Amino acid sequence: MRPAWTRREGASSPRRARAAATTTAALALVAAPLAAATTAGAAEPRVDNPFAGATQYVNEYWSANVEAAAGRAGGDLGDAMLSIADEPTSVWMDRISAIEGNADGPGLRTHLDAALAQKQGDTPLVFNLVIYDLPGRDCYALASNGELPATAEGMERYETEYIDAIAAILDDPAYEDLRIVATIEPDSLPNLVTNSSEPLCQTAAPYYRQGVAYALDRLYDVGNVYSYIDAAHAGWLGWPNNAQPAAQLFADVVGSTEAGFDSVAGFVTNTANSTPLVEPFLQDENFGSGGFVRQAGFYEWNPDFDETDWTAHLYDLLVAEGFPSSIGMLIDTSRNGWGGPDRPTAESTSTDLNTYVNESRVDRRTHRGAWCNPAGAGIGERPQVSPAGYPESHLDAFVWVKPPGESDGSSEEIPNDEGKHFDRMCDPTFNSPKLSGLLTGALPDAPLSGKWFEAQFRMLVTNAYPAIGDGGTNPDPDDTTAPSVPQDVAASADGTTVEVTWSPSTDDTRVTGYQVSRDGEDVGSVSGTVTSFTDEGLAENTRYSYTVTARDAAGNVSAASAPAQVTTGEGGEEPPAGACTAVYSTANSWSGGYQGQILVTAGADGAPGWEVTAPAGLSTTNLWGGTLSGGVITGQSWNADLAPGATATVGFVADGTPPADGELACG
Ligand code: BGC
């Protein structure tokens, strides 16, 4: 598919805004002003679709990261990176200091001045902005917790030091010719729909409602701001019993603003997520005796498989709630491409429903709730105005709200002064209870949310769909050149577990993954950013031989590496006698709270229905991998019964000061 952006020559220095395709469809929409259009300060009346007929601001500070990465990658991959360096991405005001500028980038005025410099004559220019600093932010996760507490004081600061400060800058007459498109508070109202039983979300709820309404009011007053409220994604709100309450909540909050429904231009879905735009091989149809396709484990009865489903569904519900039919939808396509070698090329022929869905779906995540730095994802559709083909979705544009290459959260604890915490959803070794006990599928070695994560960027460009460039990342199917052979393959044993490692193929940027074989049989594959593999549960005192091959996006496979041999040991540690042991350790602490974990190990007798005595006075705000009741922690359906030597991990965030690390009673 061809992106609807025409490439402009000389787009780098000085950088120029990307121009919209001048299709008649796009231009036709420009002329349709909304009824309640003019407000103080705006040079042009509000238009229906702000993207139509406009160029968009290119954030040079994101582009600089892309260009530097391209320089380091070189070759075809570097060329592919350069070819997207002047795509428009959103500017995130993710904390108060971002307004004036901080270590992560320049302030709002600097961006707006740069936008004016990119504006060409009378052609309107869209400036994509993200409003993201609510009190008690990210109440159901930890990686993007914010600086403002969910208290009256936090709310006061949000209004005066954050929203008022941003509105005052946007209201400067110097910027009245820009069309400011604001994504309003990702994840906030959606969390109130599905996570209201979570104490932190309960506490945050009134502030989210008040804060969103306040932001909409102040931004609407500016005149040339178009607010789009974040509406999560298909895999979050698609179920009818989430979608309907979501539409009602949106109507309620928007209805509480001074301008009512006029205060929003529409909704934006999939912000910073990777739910596919389209699942090309799957329809929610009858699957014989297996029921409907939605009943597959991956969809958990959710009929909305992709973002075109969700936007169409949501649009109808919103209009039924009273929103004007002129509202438009945006979809963040920055990371929902799912191309690369693992993308299915045809509908599965399996007659087993789960196999059929798993073989047909382009979304390669372990679970649709896996939101953090998902391995295997690629860049999606390039930003595009009024995308054709999905009339029921009422799309104003495909946008890149999450700048590709910026992390969703760190894969381990990293101290910081931004209020961000370590969320184990970003830990690739974690089986999350929020994902039905499946592994997170997150990339390893990730920095804090918002920081540049080059390994992820390389993967996103490599796996882009539609593919980027004509070189190694979008391989010529006739090119049968094999990737280079993996080097330095080594294997070491710890009991009956073997760790295989090798050197990254930095000289061959076409490598997208590796395959590990044991004694000539494939035992696992990993993506091109990973250079180790753990092989567990082997026989005792046995000699094994491992080889590794590399593959590229065209499916070419290298010759096998030199073998690495290893002999396993005595079957690991003997489980201790008795039922179980439990060890508590503090993972992280801050003023007034901490995150801890308890490792439960079943003894020689096994531990069906284990029970751990919680640390005295434990008061959790969020607990996973177990249940706390009456000072006793028990397992959940998937980890309550442990075989001898098996382990379960319970994690939690708690109030107060952490107890000392050490053993807890387990029986
Ligand atoms: C982070 C923000 C960052 C944004 C864009 C969010 O997940 O919390 O700090 O600005 O992503 O990368």
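The rules behind each value
- Counting restarts for each chain, with residues numbered from 1 along the sequence as it is written.
- Local features in this predicted model are restricted to residues of pLDDT 70 or higher, and side-chain atom pairs are both shown and tallied only at a pLDDT of 80 or more, whereas totals for entire chains, interfaces and linings draw on every residue.
- In computing side-chain values, all of the structure's heavy atoms are included and hydrogens and water are not.
- Secondary structure elements follow DSSP: runs of H or I no shorter than four residues count as helices, runs of E no shorter than two count as strands, and numbering proceeds from the N terminus.
- Relative accessibility decides the category of a residue: with a 1.4 Å probe and only protein chains considered, values under 20% of the type maximum give buried, values over 50% give exposed, and everything between is partly exposed.
- In what follows, residue pairs with any heavy atoms lying within 4.5 Å of each other are defined as contacts.
- In short, Shrake-Rupley with a 1.4 Å probe defines the accessible areas, and a residue's cover is counted only from the protein chains shown.
- Near residues are defined by distance, with any heavy atom within 4 Å of the molecule or strand qualifying the residue.
- Polar contacts here mean pairs of N or O atoms no more than 3.5 Å apart (in protein, one a potential hydrogen donor and the other a potential acceptor; neighbouring residues in sequence count only if both atoms are side-chain atoms).
- Gly is placed with the polar residues, together with every amino acid not listed as nonpolar (Ala, Val, Leu, Ile, Met, Phe, Trp, Tyr, Cys and Pro) or charged (Asp, Glu, Lys and Arg).
- What makes a salt bridge here is a side-chain nitrogen of Lys or Arg within 4 Å of a carboxyl oxygen of Asp or Glu, nothing more.
- Count a disulfide wherever a pair of cysteine sulfur atoms falls within 2.5 Å.
- Each pair of strands is called paired provided DSSP finds at least two bridges between the two strands.
- Lines fitted to C-alpha atoms define the axes here, with helix axes fitted over just the stretch in contact, and angles between the N-to-C directions of these axes take values from 0 to 180 degrees.
- Given the number of residues in a helix, its expected span is that number minus one, multiplied by 1.5 Å.
- What the arc measures is the spread of directions leading from the helix axis to the C-beta atoms.

When its secondary structure is counted, the protein chain shows 13 helices and 32 strands. The 667 residues of the protein chain split such that 55% are buried. At a minimum sequence separation of 6, the contacts of the protein chain that also span at least 24 residues come to 74%. If you sum the accessible surface of the protein chain, you get close to 25700 Å²; carbon and sulfur atoms cover 49% of it.

Attention now moves to the site of the ligand. By nearness alone, every residue bordering the ligand is listed as Trp 92, Asp 94, Tyr 132, Ser 144, Lys 402, Glu 406, Lys 420, Ser 449 and Gly 450. Contacts to the ligand include Asp 94, whose side-chain N or O atom sits 2.4 Å from an oxygen atom. Summarising the interface, the protein chains cover 93% of the accessible area of the ligand, which totals 310 Å² for the free molecule. For the shell around the ligand, a count of residues per class yields 2 nonpolar, 3 polar and 4 charged.

A few words on the pattern of salt bridges. Throughout the structure, instances matching the rule amount to 20 salt bridges. Residues Arg 218 and Asp 221 are paired through a salt bridge, measuring 2.8 Å at the closest nitrogen-oxygen approach. Taken together, the residues Arg 218 and Asp 221, both in helix H8 (residues 199-222) and 3 residues apart, mark about one turn of the helix. The class for Asp 221 is partly exposed, based on a relative accessible area of 35%. The shortest N-O distance in the salt bridge between Arg 335 and Asp 408 comes to 2.9 Å.

This next bit is on the state of the cysteines. Taken as a whole, this structure holds 3 disulfides when the rule is applied. What pairs with Cys 139 in a disulfide is Cys 201, and their sulfur atoms sit 2.1 Å apart. Here the S-S torsion is close to 95 degrees, and the disulfide linking Cys 139 with Cys 201 is therefore right-handed. Of the two residues, Cys 139 sits in the loop between strand S7 (125-131) and helix H6 (152-170) while Cys 201 sits in helix H8, which places them 62 residues apart along the sequence. Summarising the burial analysis for this pair, Cys 139 and Cys 201 share the class buried. Two residues share a disulfide in this structure: Cys 580 and Cys 666, whose sulfurs sit 2.1 Å from each other. For the disulfide bridge between Cys 580 and Cys 666, the dihedral angle about the S-S bond is near -105 degrees, and by the sign convention the bridge is left-handed. Within this pair, whereas Cys 580 is found in strand S23 (residues 580-590), its partner Cys 666 is found in the segment after strand S32 (662-664), the two being separated by 86 residues in sequence. The exposure class assigned to Cys 580 is buried, which follows from its relative accessible area of 10%. Counting only the cysteines that take part in disulfides, in the order they occur along the protein chain, gives the pairing 1-2, 3-4, 5-6.

Moving on: the sheet that holds strand S17 (residues 497-501). Working definition: the strands of a sheet are paired by backbone hydrogen bonds and lie parallel or antiparallel to each other. Spatially, 3 strands are ordered S16-S17-S20 in an open sheet, and the strand pairing comes out antiparallel. The sheet is open, and its two edges are formed by strand S16 (490-494) and strand S20 (532-535), each paired on a single side. Direction aside, the axes of adjacent strands within the sheet are offset by 20 degrees on average. The sheet contact formed by S17 and S20 spans 4 bridges and is antiparallel. Along S20, the bridge assignment pairs Val 500 with Phe 533.

We now examine the pairing of strand S11 (residues 328-332). Counting buried residues in S11 gives 5 out of 5 residues, a clear majority hidden from the surface. Relative to S11, strand S10 (residues 266-269) runs parallel, the two being bridged by 4 bridges. Directly across from Phe 267, in S11, lies its bridge partner Met 329. Pairing of S11 with strand S13 (residues 395-399), which is carried by 4 bridges, proceeds in the parallel orientation. For Leu 330, the partnering residue across the bridge sits in S13 and is Ala 397.

All right, on to the sheet that holds strand S31 (residues 647-655) then. Pairing is antiparallel in the open sheet, where 5 strands are placed in the order S27-S31-S24-S23-S32. Both edges of this open sheet fall to strand S27 (620-624) and S32, since each of them pairs with a single strand only. This sheet shows a mean twist of 25 degrees between the axes of neighbouring strands, independent of strand direction.

Residues separated by three or four positions in an α-helix point in the same direction, a consequence of the helix having 3.6 residues per turn. Its 14 residues give helix H2 (residues 60-73) an end-to-end C-alpha distance of 19 Å, which sits within 8% of 20 Å, the value for a rise of 1.5 Å per residue. For H2, the set of buried residues is Trp 62, Ser 63, Val 66, Ala 69, Ala 70 and Ala 73. Across the axial projection of H2, the buried residues extend over an arc of 125 degrees, all falling on one side. What points out from H2, more than 90 degrees from its buried face, is the exposed set Gly 71 and Arg 72. Where H2 is buried, its residues meet helix H3 (75-82) and helix H13 (454-462). Gly 74 occupies a position one or two residues after H2 and carries a positive phi of about 65 degrees.

This part covers the pairing of strand S24 (residues 593-602). Summarising burial for S24: 8 of the 10 residues are buried, a large majority. Pairing between S23 and S24: 10 bridges, direction antiparallel. Paired with Thr 581 across the bridge in S24 is Thr 601. Where S23 folds back onto S24 in an antiparallel hairpin, the turn is made up of 2 residues, including Gly 592, whose phi is positive at roughly 90 degrees.

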